[in-house]
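Structural overview
Single-letter residue listing:
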Amino acid sequence: MVAALGRPERQQRYLDLLRERVTALPWVEVVVVIGSLASGRADGVSDVDLLVGVHKGAFAAAWRDRERLRVTGALYGWDHWHDGSKGAGTHKWLTADAVLVEVLLGEATSGIRLAPPWRVLAGDPGAAGRWPPRPPIPRSELSGSTDGLHPVEVAYDDFKARLRAST
């Protein structure tokens, strides 16, 4: 499958640039890559899934500045959910070169739990351990229902599925 759809080069370019620039964001404690890019199963149409861990007490500033994570530009962006009282939210966008990026932004005390596979991209390598673990998410839980998803995300998921089905 990877050969037919290509390697995740656009996704890696985004991650490389994020790793370089994230040090300028004082609220970032750690950036964790999750999902297919962390497991090595990504292809040329995979999305980028990230946990951006925020220092305690810095969520409001992080949420205000979340668009600074769009280091390769954006065609379109949206917020999936936001709970400032818990210190967590999800911001998503389609990059200028058509990669869907999904960022779970939050403090370690926000209730966010980290499921494998994951790998630290930037920041304190030990910080990811401050987010409570959860069991791996079954594939069946990741696909299927489009309830509550933004129309751009639904279209992108359909696009990926059609490309993968045609190989």
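Check the entry above for the structure.
An account of the accompanying structure is given in this report. Remember, predicted model here, so these are calculated numbers, not experimental data.

1. Comments concerning the nonpolar core
- Core analysis: the largest hydrophobic core is formed by 30 residues, its most contacted members being Y14, L18, W27, V31, L50, L69 and L105.
- Of all elements in the fold, only α2 (9-21), β1 (28-34), α3 (36-39), β2 (48-54), α4 (59-64), β5 (100-107) and β6 (118-123) reach the threshold of two or more residues within this core.
- With residues up to four places along the chain from it excluded, the contact list for L69 reads Y14, L18, L25, W27, V52, W93, V103 and L105.

2. A closer look at the pattern of salt bridges
- Across all of its chains, the model carries 12 salt bridges by this definition.
- Between E102 and K92 there is a salt bridge, with the nearest N and O atoms lying 3.2 Å from each other. Taken together, the residues E102 in strand β5 and K92 in strand β4 (residues 88-95) connect sequence positions 10 residues apart.
- On the accessibility criterion, E102 (15% relative accessible area) is buried.
- The residue K160 makes a salt bridge to D157 at a minimum N-O spacing of 3.7 Å. Taken together, the positions of K160 and D157, both in helix α6 (residues 151-165) and three residues apart, correspond to about one turn of that helix.
- Its relative accessible area of 9% is what places K160 among the buried residues.
- When salt bridges that share partners are traced, they join E29, D124 and R130 into one network.

3. Here we look at the side chain of R66
- Examined against the element boundaries, R66 turns out to sit in the loop between α4 and β3 (74-83).
- Discounting residues that sit within four places of it in the chain, R66 has contacts with D79, H91 and L105.

4. Here we look at the sheet that holds β3
- Pairing is mixed across the open sheet formed by six strands, whose spatial order is β3-β4-β5-β2-β1-β6. What marks the edges here is a single partner per strand, and that holds for β3 and β6. Averaged over all adjacent pairs, the angle separating strand axes in this sheet is 20°, with direction ignored.
- Pairing of β1 with β6, which is carried by five bridges, proceeds in the antiparallel orientation. The residue bridging I34 from the neighbouring strand is W118, located in β6.

5. A word on the environment of V154
- Among the structural elements, V154 can be located in helix α6.
- Residue V154 is classed as partly exposed on the basis of its relative accessible area, which comes to 29%.
- Measuring from C-alpha to C-alpha, the distance between V154 and L105 comes to 21 Å, with 49 residues separating the pair along the chain.
- When neighbours within four sequence positions are excluded, V154 is seen to be in contact with T146 and L149.

6. Thoughts on α6
- If you check α6, its first and last C-alpha atoms are 21 Å apart, about what 15 residues at 1.5 Å a residue would give, namely 21 Å.
- Among the residues making up α6, those that are buried are E153, Y156 and K160. One side of α6 carries all its buried residues, which in axial view fall inside an arc of 60°. Every exposed residue of α6 that faces more than 90 degrees away from the buried side is listed here: P151, R162 and A165.
- Residues of α6 that are buried in the fold lie against β3, β4 and β5.

7. Some points on the pairing of β5
- Of all eight residues in β5, seven are buried, a share of seventy percent or more.
- When β2 meets β5, the two strands line up parallel, connected through seven bridges. Note that in β5 the partner of V48 across the bridge is V101.
- Looking at chain direction, β4 and β5 are connected through seven bridges and run antiparallel. Across the sheet, residue L94 finds its bridge partner in β5, namely L100.
- Counting the residues that bridge the hairpin from β4 to β5 gives four residues, and of these A98 lies at a positive phi of roughly 65°.

Reading guide: rules and limits
- Residues numbered from 1 in each chain as written.
- Predicted model: local features only at pLDDT ≥ 70, side-chain atom pairs only at ≥ 80, totals over all residues.
- Heavy atoms only, no water.
- Core = buried A, V, L, I, M, F, W, Y, C linked by side-chain atoms within 4.5 Å.
- Buried < 20%, exposed > 50% of the residue type's maximum accessible area, 1.4 Å probe, protein only.
- Helix = DSSP H or I, 4+ residues; strand = E, 2+ residues; numbered from the N terminus.
- Contact = heavy atoms within 4.5 Å.
- Salt bridge = Lys/Arg side-chain N within 4 Å of Asp/Glu carboxyl O.
- Pairing = 2+ DSSP bridges.
- Axes fitted to C-alpha atoms, helices over the stretch in contact; angles between N-to-C directions.
- Expected span 1.5 Å × (residues − 1).
- Arc of directions from axis to C-beta.

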